[in-house]
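Each chain is listed here by its residues.
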Amino acid sequence: YKRQEDVVIALSKSGETDEIVRILPYLKRFNIPLITITSKPNSIIARNSDVVINMGIEDEACPLNLAPTSSSTAQLVIGDAIAIALLKLRNFTEQDFALLHPGGLLSKKLLKVKDLMHTGDELPLVNENATMREVITTIIDKKFGVAIIVNDKNKLVGIIVDGDLKRILMKTDYIMDKKASQFMTRNPKTIDADELVAKALKVMEGKITSLIIKNEKDEPIGLLHIHDILKAGIY
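The structure presented is a predicted model; accordingly, all values stated were derived computationally and were not measured.

J.: Please clarify how the sheet that holds strand β1 (residues 8-11) should be interpreted in this entry.
T.: Note on sheets: strands pair through backbone hydrogen bonds, and any given pair is parallel or antiparallel. Sheet architecture is open: 3 strands sit in the order β1-β2-β3, paired in parallel fashion. With one partner strand each, in any of the chains shown, β1 and β3 (51-54) form the two edges of the open sheet. Ignoring which end each strand starts from, the neighbouring axes of this sheet average 15° apart. In terms of strand pairing, strand β2 (residues 34-38) meets β3 through 4 bridges, oriented parallel. Residue pairing in the sheet places I37 in a bridge with I53 of β3. Helix α3 (residues 70-89) contacts β1, β2 and β3 of the sheet and is inclined by roughly 140° relative to β2.

J.: Would you explain helix α7 (residues 132-142) in this entry?
T.: Because the α-helix completes a turn every 3.6 residues, residues three or four places apart line up on one side. Residues M132, V135, I136, T138 and I139 constitute the buried set of α7. In a view along the axis of α7, the buried residues occupy a sector of 160°, so they form one face of it. Set apart from the buried face of α7 by more than 90 degrees, the exposed residues are I140 and D141. Taken together, the buried residues of α7 touch β4 (125-127), β5 (146-150), β6 (156-161) and α8 (162-171). Positive phi shows up at K143, right after α7, with a value of about 65°.

J.: Before we go on, may I ask you to explain the packing of α7 against α8 in this structure?
T.: For any two helices packed against each other, the geometry is given by the interaxial angle and the distance between the axes. Taken N-terminus to C-terminus, the directions of α7 and α8 make an angle of 140°; their axes are 11 Å apart at the nearest point. Considered as vectors, α7 and α8 are oriented oblique to each other. Relative to α8, α7 is oriented so that their crossing is left-handed. Contacts between α7 and α8 involve M132, I136 and I139 from the first element and D162, L165 and I168 from the second. Of the residues assigned to the contact of α7 with α8, the class counts are 5 nonpolar, no polar and 1 charged.

J.: How should the nonpolar core be read in this particular structure?
T.: Across soluble globular proteins, nonpolar side chains show a tendency to be buried alongside one another. M132, V135, I149 and I160 are the most contacted members of the largest nonpolar core, which has 16 residues in total. Only α7, β5, β6 and α8 provide two or more residues apiece to this core. Examining the composition of this core, we find that 4 residues originate from one element, α7, more than from any other. Non-local contacts of V135, meaning those with residues more than four positions away in its chain, are made with V126, A147, I160 and A180. Ranked by size, the runner-up nonpolar core spans 14 residues in total, among them M117, L211, L224 and I234.

Basis of the calculations
Residues numbered from 1 in each chain as written. Predicted model: local features only at pLDDT ≥ 70, side-chain atom pairs only at ≥ 80, totals over all residues. Heavy atoms only, no water. Pairing = 2+ DSSP bridges. Helix = DSSP H or I, 4+ residues; strand = E, 2+ residues; numbered from the N terminus. Axes fitted to C-alpha atoms, helices over the stretch in contact; angles between N-to-C directions. Contact = heavy atoms within 4.5 Å. Buried < 20%, exposed > 50% of the residue type's maximum accessible area, 1.4 Å probe, protein only. Arc of directions from axis to C-beta. Parallel < 35°, antiparallel > 145°, perpendicular 65-115°, else oblique. Left-handed = near helix turned anticlockwise from the far one by under 90°. Nonpolar A, V, L, I, M, F, W, Y, C, P; charged D, E, K, R; others polar. Core = buried A, V, L, I, M, F, W, Y, C linked by side-chain atoms within 4.5 Å.

This is the structure in structure tokens:
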């Protein structure tokens, strides 16, 4: 079955490869364009091609000049050049790559923050006027080791992490009834939901374990934890 956009790219150093020669009549019959990468522009295959790319390889690196070494390398280089040219012509994006290559390390590096972040009821949100007892309860219940502090308009105003609690307790005798706003860290680090997870990891730089994701209204909409990144296999 032939589609209008079908094209055949043939790789043949000699231009006389029997397996390709056999299908030439079929290609001609169905008007399928043929691009040939060869070292023999006057060969049978080349003469029956619509486009001929002469790689100019006469001798192989093989000491017997038999095994395809130099020619196979040249074919790979030319093939990559064609692929990159097509990527640019089609405006192929990172999103397209991730869609067509859903597995493997390359696609993992293209994961976005929104693909891994926790949202909704999972978020450890606490009002700035809440007591530290509520903060500690939230940190324990949500199991992220962090409380996201918001004001009455649900705007992000700060953060308290479990490490802060240890330092606070060393300085203050009783904190349970004090307000979260007294101890929170203001202007916590955040990241956009559409940023790559790889960038989020760089922002963390081994110093923080959680990043808050907020929207254009400064409302927290997600939380990305270092464990989520490591679990996804990105390091």
